[in-house]
Amino acid sequence: MSFNREDYKNVKISFEERRKKAVLEADEKRKQVAAKLPEMKKICDSLEETGPKIYAAALEGKDDYELRLQSIRQETEALLKRQKELLLSNGYPENYLDVIYRCPLCCDEGNINGKMCGCMRAELVKAGYESAGIAGLCGKMSFDTFDLSYYSGEDRANMELVFEKAKEYAESFSGIGSGSLLFFGGTGLGKTHLSVAVVKRVIERGYYCVYTTSDKLFSDLREERFRPADDKSPSKTEKYGECELLVIDDLGTELNGRDIVPFLYSLLNQRINSGASTVINTNLSHKELLAVYDERIVSRLFGEFLPYRFSGKDVRMQKLKLNQ
Ligand SMILES: [Zn+2]
């Protein structure tokens, strides 16, 4: 499991800030109540002494250390009890001075005893959708929303198999060596839907994924190619090489890509050689792919990727007709 490093860094920072803010807010409330109620000020001051007192007792380490510790604890409990009474009798909720963390399980630390807390995992998944480029798509396109009833007869049987294989791939994805998939077949047969469903699930399982349309990939590769040597801005193409799962949607629809094809080849090659996984979908047939790309790419696609043929009647057209 290795979430996108950049996402991890950002989420970690937001947790630290969240934690600090919660502590500051409680601090503010404490000051505000103490200013109003002199007894509360005394209690708060005494409570602040608890830590140093325990520390001093431990340092001295005398025979009666445990007894002294016990008495400090009793004193603290009595102070806390009185604090609650004071709060209630002055119209505040009794937990008014507690630090209110967004996640009470990990107190916004993001982990519990060294294990990542569910709240941080959820934020990383959310950040993963964003940085993978599927935030807008994954609500609609998941395995749960894939409707096999649009396919019939042999196509239904075929698509059930494709669906199962895609799901199996996403569920068993384990980073390096997980293999690559090629989804091919006519338009409107659910290739984009299943590609997004795969990325979504693989992100949820904690892997660093990037989803891109072929057009966007080509334009980024082109920009990188013509980048002035003194341009120090972050590279847009680095993520395509680094991520654990790269999904390229609609290969073959990019405009004017001829000069960029060698860069696509080297990206795919680099990924294949390092054992990184790629899922590509295309409307083009083997023959049509050969007309657009050179033989090296096409033979790699069909040689190294596990090909799945999508079949049936254009689902988008069927939906349109249903809505008419
Ligand atoms: Zn938590």
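As shown above, the structure is provided for reference.
Residues numbered from 1 in each chain as written. Predicted model: local features only at pLDDT ≥ 70, side-chain atom pairs only at ≥ 80, totals over all residues. Heavy atoms only, no water.

### A word on the overall build of the protein
Just so we agree on the cut-off: A run of H or I in DSSP counts as a helix once it spans at least four residues, and a run of E counts as a strand once it spans at least two, with each numbered from the N terminus. With C-alpha atoms as the basis for the radius of gyration, the globule rule is written as 2.2 Å multiplied by the number of residues raised to the power 0.38. We get accessible surface area from the Shrake-Rupley algorithm with a probe of 1.4 Å; when it comes to residues, only the shown protein chains can shield them. Only four residue types enter the charge count: Lys and Arg as positive, Asp and Glu as negative, with His and the chain ends excluded. By convention, the point assigned to a charge is CZ for Arg, NZ for Lys, CD for Glu and CG for Asp.
In terms of helices and strands, the protein carries 13 helices and seven strands. Relative to a compact globule of 324 residues, whose C-alpha radius of gyration would be 20 Å, the protein shows 29 Å and is clearly more extended. Along the first, second and third principal axes, the C-alpha set of the protein runs to 85 × 55 × 40 Å. Total accessible area on the protein stands at roughly 18500 Å², and carbon and sulfur atoms take up 53% of it. The positive charge centre, built from 49 side chains, and the negative charge centre, built from 51, are 2 Å apart in the protein.

### A look at the coordination of the zinc ion
Heads up, the rule is: As a rule, N, O and S atoms within 2.8 Å of a metal are its donors, except that Na, K and Ca use 3.2 Å; water is not among the atoms, so sites may look incomplete. Burial status follows relative accessibility: with a 1.4 Å probe on protein chains alone, a residue under 20% of its type maximum counts as buried, one over 50% as exposed, and anything between as partly exposed.
Around the zinc ion, the protein contributes the donor atoms Cys103 (SG), Cys106 (SG), Cys117 (SG) and Cys119 (SG), which lie 2.3 Å from the metal centre. Here the donor residues of the zinc ion are spaced in sequence according to C-x2-C-x10-C-x1-C. Of this pair, Cys106 sits in the loop between α4 (65-89) and β1 (111-112) while Cys117 is found in the loop between β2 (115-116) and α5 (118-132), placing the two residues 11 residues apart along the sequence. Neither Cys106 nor Cys117 differs from the other in exposure class; each is buried.

### Some thoughts on the pairing of strand β5 (residues 245-251)
In regular strands, side chains alternate between the two faces of the sheet. Selection criterion: Two strands pair if DSSP finds at least two bridges between them.
Of all seven residues in β5, six are buried, a share of seventy percent or more. Across five bridges, strand β4 (residues 209-213) lies against β5 in parallel orientation. Along β5, the bridge assignment pairs Val210 with Leu246.

### Some thoughts on the environment of Val11
Here is the rule we go by: Contact between two residues is taken to exist if any of their heavy atoms lie within 4.5 Å; hydrogens are not considered.
Within the fold, Val11 resides in helix α1 (residues 5-36). Residues in contact with Val11, not counting those within four places in the same chain, are Met120, Glu123, Leu124 and Ala127.

### Observations regarding the environment of Asn10
Looking at the element boundaries, Asn10 is found in helix α1. Sequence separation of Asn10 and Phe163 is 153 residues, and the distance between their C-alpha atoms is 34 Å.

### Topic: unusual backbone geometry
Positive phi is not limited to glycine here, since Asn113 has a value of about 50 degrees. On the secondary structure map, Asn113 appears in the loop between β1 and β2. You can call Asn113 exposed: its relative accessible area is 80%.

Take it as geometry only, folks, not as evidence of what the structure does.
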